[in-house]
Amino acid sequence: MARKVKFTKMHGCGNDYIYVNMMEQEVPNPQEVAIVWSDRHKGIGSDGLVLIGKSPIPEADYTMRIFNADGSEAMMCGNASRCIGKYLYDKALTTQTQIRLLTKSGIKTLFLHVGNPTHDPSQEGDGSGCKRVVESVTVDMGEPVLENESLFNPRIAKGLNTPLAASKGDGGETAMFVSMGNPHYVIFTDNVDQVGEVGPKLECHPAFPQRCNIEFAQVVSGEAADHATIIRTRVWERGSGITQACGTGACATAVAAALTGRAGRRSQIIMDGGPLSIEWCESDRSDDGCFFKKNHVYMTGPAAFVFDGEIDSI
């Protein structure tokens, strides 16, 4: 008889993953599991699988491993990290509102924004009948990396007749490479809907030795409430295809827009699944319980539960 595995389906701006608490159970073959469970017709349906564990080092509190829908392992996921913060707090696995999350691209700090207590019948046994939940999460995504030949070879890009060759490198770029733990190539265009046609071709382009996430971005007229530049972005994610949102991709888009003079240090990235607020911090400062570090990129956005369930192990 197959062993049952408990899971939780969550999403951040529509970027949905299957979450498994590895502190209570095991998933010995996550690459295969990610492929089978992510199938939207025969499985649970998701952009991939996320494993939450206890950190083996004192510098971090918890760990995240993430596997795309094709079974490949990613370095990091901004939307998934926000969901992990909500998962840990709302399921009473922690009372901390700052969490250090160990990923394959380093330790990321999560700042949880917890709402006012609301009535919850499931909590009536403690005499209060109230429960506080995470409403949004700010993630310190670290510093952007603009040059890494193990992820992007500019010599190959310039030598071929593709959208990659449009990168001018003179301050007037129409496309550029930015790594936010995951590699991204951001193309500024008036046609973000070419994502389905061009995205898969560029993902496996020889200029990207480890494949790449591809963003198509267009600056929208007007400003958000915090004077942020509004940028409409669609994404082709490495290993998953078109997704509703991509946290590292939103950060990469904001950095690329700032470096090419299309935006300031604050951007609101409008993806298919909703908006993400991005700030590329100019100087150290403390704000609303968060310590912002110079040159680090900070992403703020929602996280939501979809449902809990059980499924047969593979």
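To start, this report covers the structure provided alongside it. The structure presented is a predicted model; accordingly, all values stated were derived computationally and were not measured. (Residues numbered from 1 in each chain as written. Predicted model: local features only at pLDDT ≥ 70, side-chain atom pairs only at ≥ 80, totals over all residues. Heavy atoms only, no water.)

Focus: empty space enclosed by the protein
Argument step 1. If you walk through the whole model with that rule in mind, you get two cavities of 30 Å³ or more.
Argument step 2. Of the volumes computed, that of the largest cavity is approximately 90 Å³.
Argument step 3. Looking at the largest cavity, it is lined by 16 residues, and the ones nearest its centre are A74, M76, N182, N213 and E237.
Argument step 4. Counting residues per element, the ones that place at least two in the lining of the largest cavity are β2 (15-21), β4 (62-68) and α5 (247-259). (1 Å grid on protein atoms, 1.4 Å probe; cavity = no way out; pocket = protein on both sides within 12 Å on 5 of 7 lines; lining within 4 Å. Points joined across faces, edges and corners; volume = space filled by probe spheres on them. Helix = DSSP H or I, 4+ residues; strand = E, 2+ residues; numbered from the N terminus.)

Topic: the pattern of salt bridges
Argument step 1. Counted by the stated rule, this structure contains 17 salt bridges.
Argument step 2. Two residues, D16 and R40, come together in a salt bridge whose shortest N-O distance is 2.8 Å. Here D16, found in strand β2, pairs with R40, found in the loop between α1 (30-38) and β3 (48-54); they are 24 residues apart in sequence, far enough to count as distant.
Argument step 3. Take R40: its relative accessible area is 48%, and that puts it in the partly exposed class.
Argument step 4. Ionic pairing is found between D47 and R40, a salt bridge with its closest N-O pair at 3.1 Å. (Salt bridge = Lys/Arg side-chain N within 4 Å of Asp/Glu carboxyl O. Buried < 20%, exposed > 50% of the residue type's maximum accessible area, 1.4 Å probe, protein only.)

Some words on the nonpolar core
Argument step 1. Core analysis: the largest hydrophobic core is formed by 54 residues, its most contacted members being Y19 and I278.
Argument step 2. The element contributing the most residues to this core is α5, with eight residues.
Argument step 3. Setting aside anything within four residues of it in sequence, one finds Y19 in contact with F7, T8, M10, V50, I52, N79, A80, C83 and I84.
Argument step 4. Within the second largest apolar cluster, 18 residues are counted, among which are L151, A175, F177 and F216. (Core = buried A, V, L, I, M, F, W, Y, C linked by side-chain atoms within 4.5 Å. Contact = heavy atoms within 4.5 Å.)

With respect to the layout of surface pockets
Argument step 1. Put simply, the second largest pocket is a space of about 270 Å³.
Argument step 2. Residue lining of the second largest pocket: 15 residues in total, with T138, R266, E279, F292 and T300 positioned closest to the centre.
Argument step 3. At the level of secondary structure, the elements contributing two or more residues to the lining of the second largest pocket comprise β16 (266-271), β17 (274-280), β18 (285-287), β19 (290-292) and β20 (297-301).
Argument step 4. Counting residues per element, the lining of the second largest pocket draws most heavily on β17, at three residues.
Argument step 5. Of the residues contributing to the lining of the second largest pocket, the split by class is four nonpolar, five polar and six charged. (Nonpolar A, V, L, I, M, F, W, Y, C, P; charged D, E, K, R; others polar.)

A look at the environment of E24
Argument step 1. Within the element layout of this structure, E24 appears in the loop between β2 and α1.
Argument step 2. Overall, E24 belongs to the exposed group, its relative accessible area being 61%.
Argument step 3. It is 30 Å that separates the C-alpha atoms of E24 and M180, two residues lying 156 residues apart in sequence.

Notes on helix α2 (residues 78-90)
Argument step 1. The terminal C-alpha atoms of α2 lie 19 Å apart, and with 13 residues this matches the ideal 18 Å at 1.5 Å per residue to within 8%.
Argument step 2. Counting buried residues along α2, 13 of its 13 residues qualify, which places the element largely inside the surrounding structure.
Argument step 3. One or two steps after α2, the chain reaches A92, where phi turns positive at roughly 60°. (Expected span 1.5 Å × (residues − 1).)

Quick word on the packing of aromatic side chains
Argument step 1. A full pass over the atoms with the stated rule returns six aromatic pairs.
Argument step 2. Ring plane angle 15° and centroid distance 5.2 Å describe the contact between F152 and F177, whose orientation is recorded as stacked. With F152 in the loop between β10 (134-140) and α3 (154-158) and F177 in strand β11 (residues 175-179), this pair connects stretches of sequence that are 25 residues apart.
Argument step 3. Given a relative accessible area of 11%, F152 falls into the buried group.
Argument step 4. An aromatic cluster of at least three residues, connected via ring pairs, comprises F152, F177, Y185 and F208.
Argument step 5. Above the ring of F188, the side-chain terminus of R262 is found at 4.2 Å from the ring centroid.
Argument step 6. The lysine or arginine in question, R285, covers the ring of F292, its NZ or CZ lying 4.3 Å from the ring centre. (Phe/Tyr/Trp six-rings, centres within 6.5 Å; stacked < 30°, edge-to-face > 60°. Lys NZ or Arg CZ within 6 Å of the ring centre and 35° of its normal.)

What to know about a nonpolar patch on the surface
Argument step 1. On the surface, I35, V36 and I314 cluster together to form a nonpolar patch covering roughly 230 Å² of accessible area.
Argument step 2. Note on I314: relative accessible area 39%, which makes it partly exposed. (Patch = residues over 30% accessible without salt bridge, like charges linked within 9 Å, V, L, I, M, F, W, Y side chains within 5 Å. Areas by Shrake-Rupley, 256 points an atom, 1.4 Å probe, with all protein chains shown as cover.)

Comments concerning unusual backbone geometry
Argument step 1. Positioned with a positive phi, C13 is a non-glycine residue whose angle comes to about 55°.
Argument step 2. Tracing the chain through its elements places C13 in the loop between β1 (4-12) and β2.
Argument step 3. Phi at R211 is positive, roughly 65°, even though this residue is not glycine.
Argument step 4. Position of R211 relative to the elements: it lies in the loop between α4 (195-203) and β13 (213-223).

Comments concerning the environment of T174
Argument step 1. Among the structural elements, T174 can be located in the loop between α3 and β11.
Argument step 2. On a C-alpha basis, the gap between T174 and G239 in space is 25 Å, while along the polypeptide they are 65 residues apart.

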